[in-house]
Amino acid sequence: MALLGIDIGTTGCKVVAYSPAGQPLGRAYREYPSIVSGDWIELDPELVYSHAVACIREIAGCVDLAQITALSVSSMTDTVTPIGKDGRALMRSFIPFDARGIEEARELESLYGLDALFARTGMALHSSHTICKILWIKRHRPDVLEKTWKFLCYEDYILWKLGAEPVSSYSTASKTMYFDIRSQKWCEDLLRVCGITPEQLPGPVPSGVPVGRVSAEAAEKTGLSQDTVLVSGGFDQACCALSCGVIRHGDVLDTTGTNEIIFFALDDWQDRALLEYGMNFSPHVVQDMFSAYAVLFNAGGAFKWCRDALYGDGLPSPQGDAYAGITSTFRDDPGDIVFLPFLTGVGTPELDPRASGAFLGLTLGADRSRMAQAILEGVTCEMRYNLEIVRQLTGTAIDTLTVVGGATKSDYWLQLKCDIAGVRILVPEGLEPGACGAAMLAGIGSGVYQNARAAAAVFCGARTNRVIEPRANKTGAYQDAYRRYCDMRACVVGNPAFYRR
C-alpha cells in the first residue's frame, strides 16, 4: 500500500509516493516553461498534465504503481483554464500574476464594493483572482466563453484528466472569488456578471473526500491501477500547512520561495479585520478549520536580484552555492543600511503594486556586501512586520515558526529570522510539503487515516526537525534594527515620491 501526492506549481510538477507510515518511497520532478508575451503569462495545460504523467511513471522505479491506494493534488490557485466540450483546452491557462484582469477588478469594485465581496468570498479584491480572468475572457474573447464546457483550476483539471468528475475542493474554489465560503456554493449573481453558469464550473466538495477512480485511459498513460482512489485536494499553501501540522488555531507556516507566505490556521470566522490587512480568508484543507495568509512579494526574489545585480557571474561560491558565498561575507550584527524590499510593490497589509523599494543610509563606506546584508535584513524585517499582524489577528504569542522553502537552504537566513522575529524555528528535514499534504489528503479520503489530525500525527512523527533558537546576546541589537526598519517603512509606504511613475 502507498499514497501519492501530486504538487502542481507555477514552474514545475512534483510527485511523491509515501508509505502509510509517512515515509517517502520515491519522488520525481519535471519543470515546464511559462509562456510570456508582454504582460501575459500563461501555461500550456496539456504540457503540465503530460509532465505530471511522466512524474508518475518515473515513480514506478521506486514503488509498484499497482500498490498506490489513493492520490490527491496540491496546486497553485487562480490558474484557470477554459475547457471545451471535446475535453480540449480552448486557451492556455492564466497564471495569477498575468496582468489581464486589472480593469475587470475595478469593474467589480464599482459593482459590489470591497466589503461586500470580502464578506461573501473571503477574498480581498485583486486582479489575480479567477473571476477577473473570466471577466477578461467575456470582454475580449466572447467566442471562448460561448464554447467553454468547464472552467477548471489545476487541482480540478488534473483530477478530471485522471478520471474524476469535475470537482473543486472548497479550499481551491474559495480562491476564485466567486465561491460563497459560508453557503459553500458558487455565487450565481457573480457568475452572471461573468456571463457563465454554475454548470460551467466543477462541483464544490470538501478536501480529502473520494471523487472517483483512475480511468482506463489514465491508467494506460500513467501505469496506475484503475482501483486507485482519486481524492479531492487543496490549494498549495493549505496542503503545505497540513504536511507541517499547521492545523490548529494560531499555528503558522512560513514558506519562502520567490514570494514569502505567512500562512496561519484559524478556528473561527474572520471578517473585516482580515480585509483591513489585505488578507484572504478561506477554508483550510482540514475539516472545520479556516486559514489566512500574509504575503511578501519577491522576498526570495529580492535575494536573487541581489545576486544578479550586485555580484553577477564572478562570485566565488562555496560548494557551488552562490548564496552561501554572499552570506559568508556578512557581519554577525545588524548592518547600518536599511533596505525596503518592495521591488514589485508592497504585499500585505497595503497590497500596493505602485510602491518601490529603497536603500536608506548609504554612505561612501557602503560596499556590495553591506548592501546585500541589508537586503536580507529588510526582507526579514518585513516578514516580522507581517508576523506581528498575524499575532494580533490570532490572539496568540507565536513563539515557534515552521519554515519551508528556499530560505531553509541558508543557515544565515534562518538564524536571521530567529533573531529578528524572536521565534524558535523548526525546519522539517527532507520535506516536499505540497506533495506530502496531498498524499495525507489521499490517505484521509481512502480511509487510511481517520482525519487530518491523525494523518499529521503519523507524518510529522515520521520526520525530524532542525531547530534554530534566537540568540539572547543578539536580541537587543536586532530589536533596534527592526524599529529602525519600521520608522523607514512608515516614511516610504504611501509616499508618492516612492511610487512608480
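Here is a short report on the structure shown in this document.

What counts and how
Residues numbered from 1 in each chain as written. Predicted model: local features only at pLDDT ≥ 70, side-chain atom pairs only at ≥ 80, totals over all residues. Heavy atoms only, no water. Helix = DSSP H or I, 4+ residues; strand = E, 2+ residues; numbered from the N terminus. Rg over C-alpha atoms; globule rule 2.2 N^0.38 Å. Contact = heavy atoms within 4.5 Å. Buried < 20%, exposed > 50% of the residue type's maximum accessible area, 1.4 Å probe, protein only. Pairing = 2+ DSSP bridges. Right-handed = clockwise from strand over helix to strand, strands pointing away. Phe/Tyr/Trp six-rings, centres within 6.5 Å; stacked < 30°, edge-to-face > 60°. Lys NZ or Arg CZ within 6 Å of the ring centre and 35° of its normal. Salt bridge = Lys/Arg side-chain N within 4 Å of Asp/Glu carboxyl O. Arc of directions from axis to C-beta. Polar contact = N/O pair within 3.5 Å; in protein donor to acceptor, adjacent residues only side chain to side chain. Core = buried A, V, L, I, M, F, W, Y, C linked by side-chain atoms within 4.5 Å. Axes fitted to C-alpha atoms, helices over the stretch in contact; angles between N-to-C directions. Parallel < 35°, antiparallel > 145°, perpendicular 65-115°, else oblique. Nonpolar A, V, L, I, M, F, W, Y, C, P; charged D, E, K, R; others polar.

### Looking at the overall build of the chain
Okay, step 1: Of the regular secondary structure elements, the chain holds 18 helices and 24 strands.
Okay, step 2: Computed over its C-alpha atoms, the radius of gyration of the chain comes to 22 Å, within 12% of the 23 Å expected for a compact globule of 501 residues.
Okay, step 3: Taken along the three principal axes of its C-alpha coordinates, the chain extends 65 × 50 × 45 Å.
Okay, step 4: Across the chain, every contact between residues at least 6 apart in sequence was considered, and the portion connecting residues at least 24 apart equals 72%.

### Some details on the pairing of strand β23 (residues 424–428)
Okay, step 1: The buried fraction of β23 amounts to 4 of the 5 residues, a majority that puts the element mostly inside the structure.
Okay, step 2: One ladder, built from 3 bridges, connects strand β22 (residues 400–405) with β23; its direction is parallel. Residue pairing across strands places T402 opposite L426, the latter belonging to β23.
Okay, step 3: On the question of chirality, the crossover connecting β22 to the parallel β23 by way of helix α15 (residues 411–421) is right-handed.

### Details of the pairing of strand β2 (residues 12–18)
Okay, step 1: Counted residue by residue, β2 has 6 buried out of 7 residues, so it is predominantly covered.
Okay, step 2: Taken together, strand β1 (residues 2–8) and the strand that follows it, β2, pair antiparallel across an intervening segment of 3 residues.
Okay, step 3: In the sheet, β2 pairs with strand β3 (residues 24–31) via 7 bridges, with the strands oriented antiparallel. Its bridge partner lying in β3, A17 is registered against G26.
Okay, step 4: In sequence, β2 turns back onto β3 through a hairpin of 5 residues, with G22 there showing a positive phi of about 85 degrees.

### Here's the deal with the packing of aromatic side chains
Okay, step 1: Scanning all chains against the criterion turns up 18 aromatic pairs.
Okay, step 2: Here the aromatic rings of F179 and W186 are separated by 5.4 Å at their centres, their planes lie at 70 degrees, and the arrangement is edge-to-face. Side by side, F179 and W186 carry an identical accessibility label, which is buried.
Okay, step 3: The ring of W136 has R100 sitting right over it, with the charged end atom 4.8 Å from the ring centre.

### A short note on the pattern of salt bridges
Okay, step 1: Applying the stated criterion to the full structure yields 30 salt bridges.
Okay, step 2: Residue K474 is joined to D333 by a salt bridge in which the shortest nitrogen-to-oxygen separation is 2.9 Å. With K474 in the loop between β24 (465–468) and α18 (475–492) and D333 in the loop between α13 (322–327) and β20 (338–340), this residue pair connects regions lying 141 residues apart in the sequence.
Okay, step 3: One salt bridge connects R489 with E382, and the closest N-O pair in it is separated by 2.9 Å. With R489 in helix α18 and E382 in helix α14 (residues 368–394), this pair connects stretches of sequence that are 107 residues apart. Across this residue pair, the class does not change: R489 and E382 are buried.
Okay, step 4: Here the salt bridges do not stand alone but share partners, grouping D332, D333, D419, R471 and K474 into one network.

### Here we look at the sheet that holds strand β4 (residues 35–37)
Okay, step 1: Reading across from one edge, β4-β5-β8 is the order of the 3 strands in this open sheet, with antiparallel pairing throughout. The sheet terminates laterally at β4 and β8 (93–94), the two strands that pair on one side only.
Okay, step 2: Examined bridge by bridge, β4 and strand β5 (residues 40–43) share 3 bridges and lie antiparallel to one another. Looking across to β5, one finds that V36 is bridged to I41.

### Section: the side chain of S127
Okay, step 1: Mapped onto the elements, S127 comes out in the loop between α3 (114–121) and α4 (130–140).
Okay, step 2: If sequence neighbours within four positions are ignored, S127 has contacts with R100, G101, I102, A105, C132 and K133.

### Considerations on helix α2 (residues 102–112)
Okay, step 1: Those residues of α2 that sit buried are E104, A105 and L108. Mapping the buried residues of α2 onto a view down its axis gives an arc of 105 degrees, with all of them on the same face.
Okay, step 2: Considering only its buried residues, α2 is in contact with α3, α4 and α8 (188–194).
Okay, step 3: Immediately beyond the C-terminal end of α2, within one or two residues, lies G113, with a positive phi of roughly 90 degrees.

### Description of the side chain of S169
Okay, step 1: Within the element layout of this structure, S169 appears in strand β10 (residues 167–169).
Okay, step 2: Of the polar contacts made by the side chain of S169, one reaches the side chain of E155; its length is 2.8 Å.
Okay, step 3: S169 has contacts with E155, V205, S207, G233 and G234, leaving out every residue within four places of it along the chain.

### Considerations on the nonpolar core
Okay, step 1: Within the largest apolar cluster, 93 residues are counted, with the highest numbers of intra-cluster contacts made by F264, L274, L387 and I425.
Okay, step 2: Here the element with the most residues in this core is α14; it accounts for 12 residues.
Okay, step 3: Among residues more than four places away in sequence, those in contact with I425 are L401, V403, L414, K417, C418, R466, V467 and I468.

### Things to note about the sheet that holds strand β17 (residues 260–266)
The pairing of strands in a sheet comes from backbone hydrogen bonds and takes either a parallel or an antiparallel form.
Okay, step 1: Overall, mixed pairing links the 7 strands, which are arranged β18-β19-β17-β16-β22-β23-β24 in an open sheet. Two strands lie at the open edges of the sheet, namely β18 (280–283) and β24, each paired on one side alone. Within this sheet the neighbouring strands show an average axis-to-axis angle of 25 degrees, counted without direction.
Okay, step 2: With 4 bridges connecting them, strand β16 (residues 252–256) and β22 associate as parallel partners. The residue of β22 that forms the bridge with T256 is G405.

### Focus: the environment of V63
Okay, step 1: Relative to the helices and strands, V63 resides in the loop between α1 (45–59) and β6 (68–75).
Okay, step 2: For the pair V63 and S207, spaced 144 residues apart in sequence, the C-alpha separation works out to 26 Å.
Okay, step 3: Each residue touching V63, except ones within four places of it in the same chain, is listed here: A2, A17, L25 and I68.

### Some details on the environment of L114
Okay, step 1: Along the polypeptide, L114 turns up in helix α3.
Okay, step 2: Assessed through its relative accessible area of 37%, L114 is described here as partly exposed.
Okay, step 3: If near-sequence neighbours (up to four positions away) are discounted, L114 is found in contact with E109, L125 and L275.

### Overview of the packing of α2 against α3
Any two packed helices are characterised by the angle at which their axes cross and by the distance between the axes.
Okay, step 1: Close contact between α2 and α3 brings their axes to 7 Å; oriented N to C, the two are set at 95 degrees. Taken together, the axes of α2 and α3 are roughly perpendicular relative to one another. Contacts between α2 and α3 pair L108, E109 and Y112 from the former with L114, A116, L117 and R120 from the latter.
Okay, step 2: Split by residue class, the contact of α2 with α3 holds 5 nonpolar, no polar and 2 charged.

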